[in-house]
Amino acid sequence: MSKLKVYYGWSRIGNVRKKRALSVMFENEIQGCRSDRGQRCLRTIQDTVFERYQTNEEMADGKRQNRIFTEYSLFLDEKPISGSLEICLLINNEADKNHVTKAMRDRISDALRKAFLLANPGYKEPNNQLSLNFE
């Protein structure tokens, strides 16, 4: 049996989506997700930056879904993130901690940071943030 994938990227802004968000898409079944139609759907939803394979525990959750993708989003301009790229990446890193190694989480954060800064060249980190330490 082939493993299912997880796609990390930034949501595409358009007629349906109005807010910037970090988008994490989980495959729930291979046939629909990896078909041309499934990949076209994924490209319209997000700009994919990083892909990894799901763990067995994540795959078990996906088998109970009735959609081909499950999406989780972290909206950049809403609380508790309030426009901070670093806090957004830290929250995503913390969410993956039970399933992904530290080295892989760092690679994911670096890829997402690089893609965001490339797409938003004038971005500056907000100064009025509280510090969050998930340790």
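A brief look at the structure comes next.

What counts, and where the lines are drawn
- Residues numbered from 1 in each chain as written.
- Predicted model: local features only at pLDDT ≥ 70, side-chain atom pairs only at ≥ 80, totals over all residues.
- Heavy atoms only, no water.
- Helix = DSSP H or I, 4+ residues; strand = E, 2+ residues; numbered from the N terminus.
- Rg over C-alpha atoms; globule rule 2.2 N^0.38 Å.
- Buried < 20%, exposed > 50% of the residue type's maximum accessible area, 1.4 Å probe, protein only.
- Contact = heavy atoms within 4.5 Å.
- 1 Å grid on protein atoms, 1.4 Å probe; cavity = no way out; pocket = protein on both sides within 12 Å on 5 of 7 lines; lining within 4 Å.
- Points joined across faces, edges and corners; volume = space filled by probe spheres on them.
- Nonpolar A, V, L, I, M, F, W, Y, C, P; charged D, E, K, R; others polar.
- Pairing = 2+ DSSP bridges.
- Arc of directions from axis to C-beta.
- Core = buried A, V, L, I, M, F, W, Y, C linked by side-chain atoms within 4.5 Å.
- Phe/Tyr/Trp six-rings, centres within 6.5 Å; stacked < 30°, edge-to-face > 60°.

When helices and strands are tallied, the protein shows five helices and four strands. Against the compact-globule benchmark of 14 Å for 135 residues, the protein has a radius of gyration of 15 Å, which places it among compact chains. Projected onto its principal axes, the C-alpha coordinates of the protein cover approximately 45 × 40 × 20 Å. Looking at the protein as a whole, 36% of its 135 residues are labelled buried. Within the protein, residue pairs in contact and separated by at least 24 positions form 72% of the contacts whose partners lie at least 6 positions apart.

Before going further, it helps to examine the layout of surface pockets. The computed volume of the largest pocket comes to approximately 350 Å³. Lining the largest pocket we find 19 residues, and of these V24, F26, E58, Y72 and D96 sit closest to its centre. At the level of elements, β2 (21–27), α3 (56–63), β4 (69–75) and α4 (85–95) are the ones that each hand at least two residues to the lining of the largest pocket. For the lining of the largest pocket, the residue count by class is seven nonpolar, eight polar and four charged.

Judged by how many residues are buried, strand β1 (residues 5–11) sits mostly within the fold: seven of seven residues are covered. Two elements, β1 and strand β3 (residues 46–53), share seven bridges in a ladder whose sense is antiparallel. By the bridge assignment for β3, Y7 is matched with E51. Across five bridges, β1 lies against β2 in antiparallel orientation. Following the sheet pairing, V6 is matched in β2 by F26.

Moving on, we get to α3. Within α3, burial applies to E58, M59 and G62. For α3, the angular spread of the buried residues around the axis is 100°, confining them to a single face. Residues of α3 that are exposed and point over 90 degrees away from its buried face: N56 and E57. Lining the buried residues of α3 we find β1, β2 and β3.

Bringing unusual backbone geometry into the picture now. With omega at 5°, the peptide bond leading from K79 into P80 counts as cis. The backbone of S82 shows a phi angle near 50°, a positive value even though the residue is not glycine.

The biggest cluster of nonpolar side chains holds 19 residues, and the ones touching the most others in it are Y8, W10, L22 and L112. Among all residues touching L112, those that are not within four sequence positions of it are Y8, G9, W10, L22, V49, L89 and N92.

Here we take up the packing of aromatic side chains. Applying the stated criterion across every chain, the model contains five aromatic pairs. Relative to F50, the ring of Y8 lies with its centre 6.4 Å away and its plane at 65°, an arrangement referred to as edge-to-face. Pair noted here: Y8 is in strand β1 and F50 is in strand β3, with a separation of 42 residues, a long-range link. Judged by its relative accessible area of 0%, Y8 falls in the buried class.

By themselves these figures say nothing about function.
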